Amino acid sequence: MNCFEPVARGTMDGMRVLLGMVSGLALGCGSALVATDESADESSCEHGTEACPCVDDACHVGLQCIGGLCVAIDCWPGESGCTCLDEQCLAESICVEGICMPGGCLPGELGCPCIDEQCFAGLACVGGTCSDSSDSSDSSDSSDSSDSSGSSGSSGSSDDTGSEGGELDCLDLDPTQVYLLGTYEESAGYLIAIAHPSEPYVSCAGFPSVVLRAHLRPADGHFLWSDIVDDDHVYDLHPEPLVWGPGWSYPPDELLNDVAISTPTCHGPDWILDPASGEVIYRCNGMVFRAGGEVIGQLVGGWMKAILPDETLLTCDSPCTVASLALSPPGADPYPIIPPTELEGEVLAFRHVPGQPGALWLAVSHDPSSNVRWVLQDGVASFDGSYADWPWNNWNNAALAADGSLWRVTNAATNDFVTRQTIDGPIEIIYTEEGAPDNLLDTSQWPFVYLHGSALVTGP
């Protein structure tokens, strides 16, 4: 049997061939790691469980009987909404970044399904489908939907936001909000700029290279950062203005005004902020210090994520999973948190709960579509609510605002955007590059801030 026989999409023959490929994978073709009937050790294999023989063509809950074996398949490869099979899909679906989408549709785009009755800027949700708002201006329903879409984010159109652009006061940022650390040119990660996702034409700049880590200091809203080249220091940003000549030029002396935070020489400092004092907490050679050199204690392993009022440190590995979370009290051995059995998966973001000293929010992704928020206090995690199911198959970077909303940067097939989610609320599209200019560094208008492996920055 040929495990890589091509699929004739949209035909019954294609359906048969694709199902044959699925069965072939389940039976050991290609690189599938599932035993065949002949190789399975039936004496040690409980029938009906994963990778074991079926029981009268049936399996335990969550498994399917394919080729006489129980296989964990939540979604048939090749079907709409499921993973692609050899970069191909059934019927009219098209493989988009590994997922079969109906006709290549990305939720929120023109002619595709709406996202909680919202669409990307310039589109209106009409009957569950994103349509050109100009085509539906006579409909009161589409007008309402278009208003809703527009209020949820800022378009890249210079006609809408460019005239309102200008320099962002980066010495007075709001540490309860989430800011975008982007770039003035899509292909230039070194032209770093800061903007609120809802106002991509209002920004400030002044970084020498690639920012490695950044936080907003809660006391004054200053932007503290360390860079990937000069990683022996943490800096307090005092931005330098762009220069018009004609065409915008990035500040020539980026560190001219920035203030270095007092830290001993340390290669690649792992650092966070104390939410109460705003002090920099950093690690060098297995020891943790406050800015200025006061010793907190020893810490081995993991990355620092938060410091509690008693100077206990929360750490986790990279990538940060629930299983790798640990609490390290001063002078004592680290110990794992006590999660309920359902608290599993990747930790997307952390945040100190406002008004509750010692309490932390954890945004956790159980799987790509299921995301929840938990509260961690006294070493014990408890459920705090669910976010809307995630309709896209990828995302980069996440942050929690002081109101508990979850913000994410997402890179899709045809558009990059930033979203905001509240507990039990809809997904709001706050920022999109759709309609943005190609390069505002060559015009007299204030530059647009693009995504480029961008980080989201907020207070501790």
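Residues numbered from 1 in each chain as written. Predicted model: local features only at pLDDT ≥ 70, side-chain atom pairs only at ≥ 80, totals over all residues. Heavy atoms only, no water.

Novice: Can you walk me through the overall build of the protein in this structure?
Specialist: Looking only at helices and strands, one finds 3 helices and 33 strands in the protein. Within the protein, the fraction of its 460 residues that count as buried is 49%. Of the contacts made within the protein by residues no fewer than 6 positions apart, 43% connect residues no fewer than 24 positions apart. For the protein, the exposed area adds up to about 20,700 Å²; of that, 50% sits on carbon and sulfur atoms. (Helix = DSSP H or I, 4+ residues; strand = E, 2+ residues; numbered from the N terminus. Buried < 20%, exposed > 50% of the residue type's maximum accessible area, 1.4 Å probe, protein only. Contact = heavy atoms within 4.5 Å. Areas by Shrake-Rupley, 256 points an atom, 1.4 Å probe, with all protein chains shown as cover.)

Novice: Looking at this structure, I do not really get the sheet that holds strand β21 (residues 303-307). What am I missing?
Specialist: The strands making up a sheet are joined through hydrogen bonds of the backbone, oriented either antiparallel or parallel. One open sheet accounts for 4 strands, arranged β21-β22-β23-β24; its pairing is antiparallel. Edge positions in the sheet fall to β21 and β24 (335-336), since each has one partner strand and no second. When strand β22 (residues 313-316) meets strand β23 (residues 326-328), the two strands line up antiparallel, connected through 3 bridges. Following the sheet pairing, Thr-315 is matched in β23 by Ala-326. (Pairing = 2+ DSSP bridges.)

Novice: Quick question: what am I supposed to make of the pattern of salt bridges here?
Specialist: A side chain of one charge can pair with a side chain of the opposite charge when the charged atoms of the two come close. Under the criterion given, the structure shown has 10 salt bridges. Across the salt bridge formed by Arg-290 and Asp-274, the nearest N and O atoms sit 3.0 Å from each other. Of the two residues, Arg-290 is situated in strand β19 (residues 287-290) and Asp-274 in the loop between β17 (270-273) and β18 (280-284); the sequence distance between them amounts to 16 residues. Two residues, Glu-311 and Arg-290, come together in a salt bridge whose shortest N-O distance is 3.1 Å. Highlighted residues: Glu-311 in the loop between β21 and β22 and Arg-290 in strand β19, separated in sequence by 21 residues. Given the relative accessible area of 21%, Glu-311 is considered partly exposed. Via salt bridges that share partners, Asp-274, Glu-279, Arg-290 and Glu-311 belong to a single interconnected network. (Salt bridge = Lys/Arg side-chain N within 4 Å of Asp/Glu carboxyl O.)

Novice: Mind showing me how you'd approach unusual backbone geometry here?
Specialist: With the exception of glycine, most residues fall at negative phi, and the peptide bonds are largely trans. Cis geometry is found at the peptide bond from Ser-318 to Pro-319, where omega equals 0 degrees. On the secondary structure map, Pro-319 appears in the loop between β22 and β23. Although it is not a glycine, Glu-311 sits at a positive phi angle of roughly 70 degrees. The phi dihedral of Asp-424 is positive, around 60 degrees, even though this residue is not glycine. Topologically, Asp-424 is positioned in the loop between β31 (416-421) and β32 (427-432).

Novice: When you look at the state of the cysteines in this model, what are you seeing that I'm missing?
Specialist: Joining two cysteines, a disulfide is a covalent bond between their sulfur atoms. Applying the stated criterion across every chain, the model contains 3 disulfides. Note that Cys-45 is cross-linked by a disulfide to Cys-52, the S-S spacing being 1.6 Å. On the sign convention where negative means left-handed, the S-S torsion of about -90 degrees between Cys-45 and Cys-52 marks this disulfide as left-handed. Looking at Cys-45, the relative accessible area reads 15%, which means it is buried. Two residues, Cys-170 and Cys-204, share a disulfide whose sulfurs are 1.8 Å apart. Note on the Cys-170 and Cys-204 pair: the S-S dihedral is about -90 degrees, so by sign convention the disulfide is left-handed. Of the two residues, Cys-170 is situated in the loop between β7 (166-167) and β8 (179-185) and Cys-204 in strand β10 (residues 202-205); the sequence distance between them amounts to 34 residues. (Disulfide = S-S within 2.5 Å.)

Novice: Whenever I open this one, the layout of surface pockets confuses me. Can you help?
Specialist: In this approach, a probe sized like a water molecule rolls over the atoms, and the result shows the empty space that is left. Within this model, the largest pocket holds a volume of roughly 1,300 Å³. Lys-305, Asn-397, Ala-398, Ala-455 and Leu-456 are the residues nearest the centre of the largest pocket, which is lined by 44 residues in total. Where the lining of the largest pocket is concerned, the elements lending two or more residues are β8, β9 (188-195), β11 (211-216), β17, β21, β25 (346-352), β29 (396-400) and β33 (450-457). For the lining of the largest pocket, the leading source of residues is β25, giving 7 residues. When its residues are assigned to classes, the lining of the largest pocket shows 27 nonpolar, 12 polar and 5 charged. (1 Å grid on protein atoms, 1.4 Å probe; cavity = no way out; pocket = protein on both sides within 12 Å on 5 of 7 lines; lining within 4 Å. Points joined across faces, edges and corners; volume = space filled by probe spheres on them. Nonpolar A, V, L, I, M, F, W, Y, C, P; charged D, E, K, R; others polar.)

Novice: Looking at this structure, I do not really get a negative patch on the surface. What am I missing?
Specialist: Negative charge collects at one region of the surface, where Glu-167, Asp-169, Asp-172 and Asp-174 lie side by side. On the secondary structure map, Asp-174 appears in the loop between β7 and β8. (Patch = residues over 30% accessible without salt bridge, like charges linked within 9 Å, V, L, I, M, F, W, Y side chains within 5 Å. Lys, Arg positive; Asp, Glu negative; His and termini not counted. Charge placed at Lys NZ, Arg CZ, Asp CG, Glu CD.)

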